[in-house]
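Summary of the model geometry
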Amino acid sequence: MPELPEVEVSRLGISPHLTGQQITQVIVRDRRLRWPVPASLETVAGATIEGVERRAKYLIISTTKGYLIVHLGMSGALRVVPADSLVVKHDHIDLVLGSGLCLRFNDPRRFGCWLFSATHPSADHPLLRELGPEPLTDAFTLDYLFNASRGRQQAIKTFIMDNHVVVGVGNIYANESLFKAGIHPKRAAGKVSKARYQRLVPIIKETLARAIEQGGTTLQDFTQADGQPGYFKQELMVYGRGGKACMQCKSTLKEIRLGQRSTVYCPQCQR
DNA sequence: AATGACCCCTGCTGGC
DNA sequence: TGCCAGCAGGGGTCAT
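Residues numbered from 1 in each chain as written. Chains lettered and ligands numbered in written order. Predicted model: local features only at pLDDT ≥ 70, side-chain atom pairs only at ≥ 80, totals over all residues. Heavy atoms only, no water.

As a reminder of what qualifies: UniProt positions are given in the numbering used here, feature names are shortened, and annotations may be inferred rather than shown by experiment.
As annotated in an unreviewed UniProt entry, chain A is Formamidopyrimidine-DNA glycosylase from Pseudidiomarina maritima. Quoted verbatim from the Subunit (unreviewed entry) heading of the UniProt record, the comment on chain A is "Monomer." Recorded in UniProt for chain A, the comment headed Sequence similarities (unreviewed entry) runs: "Belongs to the FPG family."

Here it is, written out as structure tokens:
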């Protein structure tokens with residue numbers, strides 16, 4: 001679920017309910033997340049929320065008493081619900097708000113995290129300080145990506161999924177973007193021509209941006225008890241379609257593993 | 001420095 | 001129907 005678009009959609013969905021609200025209570029039901037939830041998390045009780053930002057797939061909740069760093073991992077979800085809503089399995093954390101609502105975190109696999117930072121984490125926190133540029137900003141350019149790729153033997157797919165290179169390109173969008181750009185996922189990043197990066201960079205931006213727009217469906221369902229949308233499934237050209245026909249040339253799509261992740265491509269369209 | 005393997009965890013699917 | 005292997009949208013850490 002949480003690709004960059006989903007995280008951004010979550011941010012847009014929760015931000016209006018959080019900003020300006022006082023945190024009346026912090027409820028931690030299970031501390032066993034990616035890292036143990038620190039006791040310092042509870043110190044934001046009584047603080048007022050100033051805003052919610054996103055950096056890569058991290059959400060940063062700014063409060064008058066410090067910053068919360070939230071990651072959804074593979075299966076995490078954030079919802080704004082009435083504070084007395086029935087707690088279900090895997091509801092690990094609540095931020096109870098003065099409005100009577102609460103921000104509720106559910107995460108079956110517990111790969112997500114909730115951490116506290118006294119200072120703004122984007123520049124100095126170990127998890128955030130080494131991150132590459134945001135793909136949807138002007139910092140992510142053809143020249144940047146091309147220069148970063150020179151000398152790299154690594155497969156281009158793992159290269160564009162590397163958060164040091166560019167953040168937020170998850171497995172789905174790496175597959176889809178390389179297909180649209182006509183680039184074979186195993187090709188060495190350093191051997192892809194500048195002309196092909198010139199195609200790839202805007203394709204990554206467009207693919208992510210459109211998915212955020214589609215995430216609007218999730219946004220509408222946001223306060224409902226459960227919304228399990230499959231809204232970009234119908235747009236996927238290769239992801240999850242191994243063995244099926246290429247939508248462009250009808251060749252059989254190949255599925256391989258690259259960096260422990262399923263990788264699907266068209267051997268005809270992608271070189 | 002760069003690269004790849006491994007692991008964290010639960011839930012779902014597909015094969016037998 | 002039940003059981004089990006394999007896989008899942010992330011990413012930090014460690015060994016090479």
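What about the environment of histidine 71?
What counts here: The secondary structure listing takes helices from DSSP runs of H or I that are at least 4 residues long and strands from runs of E that are at least 2 residues long, numbered from the N terminus. It only takes one pair of heavy atoms within 4.5 Å for two residues to be counted as in contact. Under this definition, polar contacts are N or O atom pairs within 3.5 Å; protein pairs additionally need one hydrogen-donor-capable and one acceptor-capable atom, and for neighbouring residues in sequence, both atoms have to be side-chain atoms.
Summarising the element assignment, histidine 71 is placed in strand E4 (residues 66–71). Taking the C-alpha atoms as reference, histidine 71 lies 15 Å from serine 15; in sequence the two are 56 residues apart. In this view, histidine 71 contacts Lys57, Tyr58, Phe105, Gly112 and Cys113; residues no more than four positions away in its chain are not counted. Within the structure, the side chain of histidine 71 is placed 2.8 Å from the backbone nitrogen of glycine 73, a separation counted as a polar contact.

Description of the sheet that holds E4
The condition is simple: Note on pairing: two strands pair once DSSP finds at least 2 bridges between them. Axes here refer to lines fitted to C-alpha atoms; in helices the fit is confined to the stretch in contact. Angles between the N-to-C directions go from 0 to 180 degrees.
Pairing within the open sheet is antiparallel, and its four strands lie in the order E2-E3-E4-E8. Both edges of this open sheet fall to strand E2 (49–55) and strand E8 (113–117), since each of them pairs with a single strand only. Strand-to-strand twist across the sheet, computed as the mean angle between neighbouring axes with direction ignored, equals 20 degrees. Relative to E4, strand E3 (residues 58–63) runs antiparallel, the two being bridged by six bridges. Bridge assignment links leucine 59 to a residue of E4, and that residue is valine 70. Strands in contact with helix H1 (residues 4–18) are E2 and E3; relative to E2, the strand with the most contacts, it is inclined by about 175 degrees.

Concerning the confidence of the model for chain A
Rules: pLDDT expresses, on a scale from 0 to 100, how confident the predictor is about each individual residue.
Residue-level pLDDT values for chain A average 91, and 94% of them are 70 or greater. Counting contacts from residues 216–228, a segment whose pLDDT is below 50, to residues more than four positions away or on other chains yields 20 contacts.

What about the protein's contact with DNA strand B?
Counted only if it meets this: We call a residue near a molecule or strand as soon as one heavy atom of that residue lies within 4 Å of the molecule or strand. Under the convention adopted here, Pro, Cys and the residues Ala, Val, Leu, Ile, Met, Phe, Trp and Tyr are nonpolar, Asp, Glu, Lys and Arg are charged, and Gly plus all remaining residues are polar.
For DNA strand B, the full set of nearby residues is Lys89, His90, Pro108, Arg109, Arg110, Phe111, Arg152, Gln153, Gln154 and Gln260. Sugar plus phosphate, as a fraction of atoms of DNA strand B within 4 Å of the protein: 65%. Taking arginine 110, its side chain carries an N or O atom lying 2.8 Å from a sugar or linking oxygen of DNA strand B. At 2.9 Å, a backbone N or O of glutamine 153 approaches a phosphate oxygen of DNA strand B. Across the surface near DNA strand B, the residue classes tally to two nonpolar, four polar and four charged.

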